[in-house]
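Listed below, chain by chain, are the residues.
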Amino acid sequence: MTAAPQGPGFSTTVEALRLRKWRLGPGQPTLVMDQFSPDDFHLVVDDRADVHVNSKDGSFYLGWFPSGRPGTEGEGWKIAVTGTAEVRGYQMSFDTETPADIVAAAVARVLETSRQV
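Let us look at the structure shown here. As the structure is a prediction and not an experimental result, all values here were calculated from the model.

## Considering the environment of S67
Piece 1. Among the structural elements, S67 can be located in the loop between β5 (60-64) and β6 (75-81).
Piece 2. For the pair formed by S67 and K21, sequence separation is 46 residues and the distance between their alpha carbons is 26 Å.

Right under this line is the structure:
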């Protein structure tokens, strides 16, 4: 069934308006952490129980802040990749309530794009 608009707007279907269930809550952070091997990465747990992962060459960083990163508004995950002299690096952040499997997917993609030089 399609409903035609009565003026400006858009048409849609009843099926498109059905409610969806979305994954909510932080989930299991091990889905993220299990992607890092001790051969290529350093893992440090600090006195706040925050977890920091660095590539051995220092060009990749992941921070997990279960109680929120100090100085931010609820930042739970921070990913940063250092750039070069020619190309800027990048960073991304996720909220403390972002499901870990979403963060794990982002980390997996970042790791897939890396290569040893």
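## Digging into the pairing of β5
Piece 1. As defined by bridge partners, strand β4 (residues 51-55) adjoins β5 across four bridges and the pair is classed as antiparallel. Note on β5: the bridge partner recorded for V51 is W64.
Piece 2. Where β4 folds back on β5, the antiparallel hairpin that results is connected by four residues, among which G58 adopts a positive phi of roughly 80°.
Piece 3. In this sheet, β6 lies alongside β5 in antiparallel orientation, the contact comprising five bridges. Following the sheet pairing, Y61 is matched in β6 by A80.

## Overview of the nonpolar core
Piece 1. Core analysis: the largest hydrophobic core is formed by 17 residues, its most contacted members being V32, F36, V53, F60, L62, W77 and V107.
Piece 2. If you list the elements that add at least two residues to this core, you get α1 (30-33), β4, β5, β6 and α2 (100-112).
Piece 3. By residue number, the principal contributor to this core is α2, which donates six residues.
Piece 4. Setting aside residues no more than four positions away along its own chain, V32 makes contact with L62, W77, A100, V103, A104 and V107.

## Digging into the sheet that holds β5
Piece 1. In space, the five strands of this open sheet follow the order β3-β4-β5-β6-β7, with antiparallel pairing throughout. Looking at which strands have only one partner, the edges of the open sheet turn out to be β3 (41-45) and β7 (90-95). Neighbour to neighbour, the strand axes of the sheet diverge by 10° on average, direction disregarded.
Piece 2. In the sheet, β6 pairs with β7 via six bridges, with the strands oriented antiparallel. Bridge pairing in β7 places A80 opposite Q91.
Piece 3. Running over the sheet, α2 touches β3, β5, β6 and β7 and is turned about 165° from β7.

## Focus: the pairing of β3
When a strand is regular, its side chains alternate between the sheet's two faces.
Piece 1. Of the pairings in the sheet, the one linking β3 to β4 comprises five bridges and is antiparallel in character. Within β4, the residue paired with L43 across the bridge is V53.

Calculation notes
Residues numbered from 1 in each chain as written. Predicted model: local features only at pLDDT ≥ 70, side-chain atom pairs only at ≥ 80, totals over all residues. Heavy atoms only, no water. Helix = DSSP H or I, 4+ residues; strand = E, 2+ residues; numbered from the N terminus. Pairing = 2+ DSSP bridges. Core = buried A, V, L, I, M, F, W, Y, C linked by side-chain atoms within 4.5 Å. Buried < 20%, exposed > 50% of the residue type's maximum accessible area, 1.4 Å probe, protein only. Contact = heavy atoms within 4.5 Å. Axes fitted to C-alpha atoms, helices over the stretch in contact; angles between N-to-C directions.

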